Amino acid sequence: MERCPVEHVGLVLSGTATAAFEDGRVFELRAGEAFYIPPVPHDSWVVGDEPYVSLHLVGAEHYATDE
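Residues numbered from 1 in each chain as written. Predicted model: local features only at pLDDT ≥ 70, side-chain atom pairs only at ≥ 80, totals over all residues. Heavy atoms only, no water.

A.B. asks: It is not clear to me how the sheet that holds strand β4 (residues 34-37) should be interpreted in this structure. Could you clarify?
C.D. replies: The three strands lie next to each other as β4-β1-β6, forming an open sheet whose pairing is antiparallel. Each end of this open sheet is capped by a strand with a single partner; those strands are β4 and β6 (53-58). Within the sheet, the average angular offset between the axes of one strand and its neighbour, ignoring direction, is 30°. Across four bridges, strand β1 (residues 8-14) lies against β4 in antiparallel orientation. Note on β4: the bridge partner recorded for V9 is Y36. (Pairing = 2+ DSSP bridges. Helix = DSSP H or I, 4+ residues; strand = E, 2+ residues; numbered from the N terminus. Axes fitted to C-alpha atoms, helices over the stretch in contact; angles between N-to-C directions.)

Set out below in structure tokens:
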């Protein structure tokens, strides 16, 4: 599995997600919370049925495009 090496700084607008690192650290990202994900390999996934929406202030330029 390929993990994301990109640094992320943002705010969760709705839903919940999990970010997990190779060293075993796991973070829950919940609505209303600001987050910082360091630039080390990590994976993330949505938790539950509510759509996950987040605003990324740093990091999106590496993977988000308007194509």
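A.B. asks: Got a minute to help me understand a nonpolar patch on the surface in this structure?
C.D. replies: Judged by side-chain polarity, L11, L13, V53, L55, L57 and V58 come together as a nonpolar surface patch covering roughly 490 Å² of accessible area. Counting only elements with at least two residues in the nonpolar patch, the list comes to β1 and β6. The greatest single-element share of the nonpolar patch, amounting to four residues, is contributed by β6. Summarising the element assignment, L55 is placed in strand β6. (Patch = residues over 30% accessible without salt bridge, like charges linked within 9 Å, V, L, I, M, F, W, Y side chains within 5 Å. Areas by Shrake-Rupley, 256 points an atom, 1.4 Å probe, with all protein chains shown as cover. Salt bridge = Lys/Arg side-chain N within 4 Å of Asp/Glu carboxyl O.)

A.B. asks: Would you take a moment to explain the nonpolar core for this structure?
C.D. replies: One recurring pattern in soluble globular proteins: nonpolar side chains tend to sit buried together. Counting residues in hydrophobic clusters, the biggest one holds seven residues: V12, A17, A19, F21, L29, F35 and I37. When residues of this core are traced back to their parent elements, those giving at least two are β2 (16-21) and β4. With three residues, the single largest contributor to this core is β2. Setting aside residues up to four positions removed in sequence, L29 forms contacts with V12, G15, T16, A17, F35, I37 and Y52. (Core = buried A, V, L, I, M, F, W, Y, C linked by side-chain atoms within 4.5 Å. Buried < 20%, exposed > 50% of the residue type's maximum accessible area, 1.4 Å probe, protein only. Contact = heavy atoms within 4.5 Å.)

A.B. asks: Please explain the sheet that holds β2 as it appears in this structure.
C.D. replies: Two modes of strand pairing occur in sheets, parallel and antiparallel, and in both the strands are linked by backbone hydrogen bonds. An order of β3-β2-β5 is seen for the three strands of this open sheet, with the pairing classed as antiparallel. Edge positions in the open sheet fall to β3 (26-30) and β5 (42-47), since each of these has one partner strand only. On average, each strand axis in the sheet is tilted by 20° relative to the strand beside it, whichever way the strands run. Of the strand pairs in this sheet, β2 and β5 are connected by six bridges, and their pairing is antiparallel. For T18, the partnering residue across the bridge sits in β5 and is W45.

A.B. asks: Quick question: what am I supposed to make of the pattern of salt bridges here?
C.D. replies: A side chain with one charge may pair with a side chain of the opposite charge, provided their charged atoms come close. Taken as a whole, this structure holds three salt bridges when the rule is applied. Among the salt bridges present, the one from R3 reaches E22, with a minimum N-O distance of 3.8 Å. Taken as a pair, R3 in the segment before β1 and E22 in the loop between β2 and β3 lie far apart in primary sequence, 19 residues in all. Look at E22 and you get exposed, because its relative accessible area is 57%. For D23, the salt bridge goes to R25, with nearest N and O atoms at 2.9 Å.

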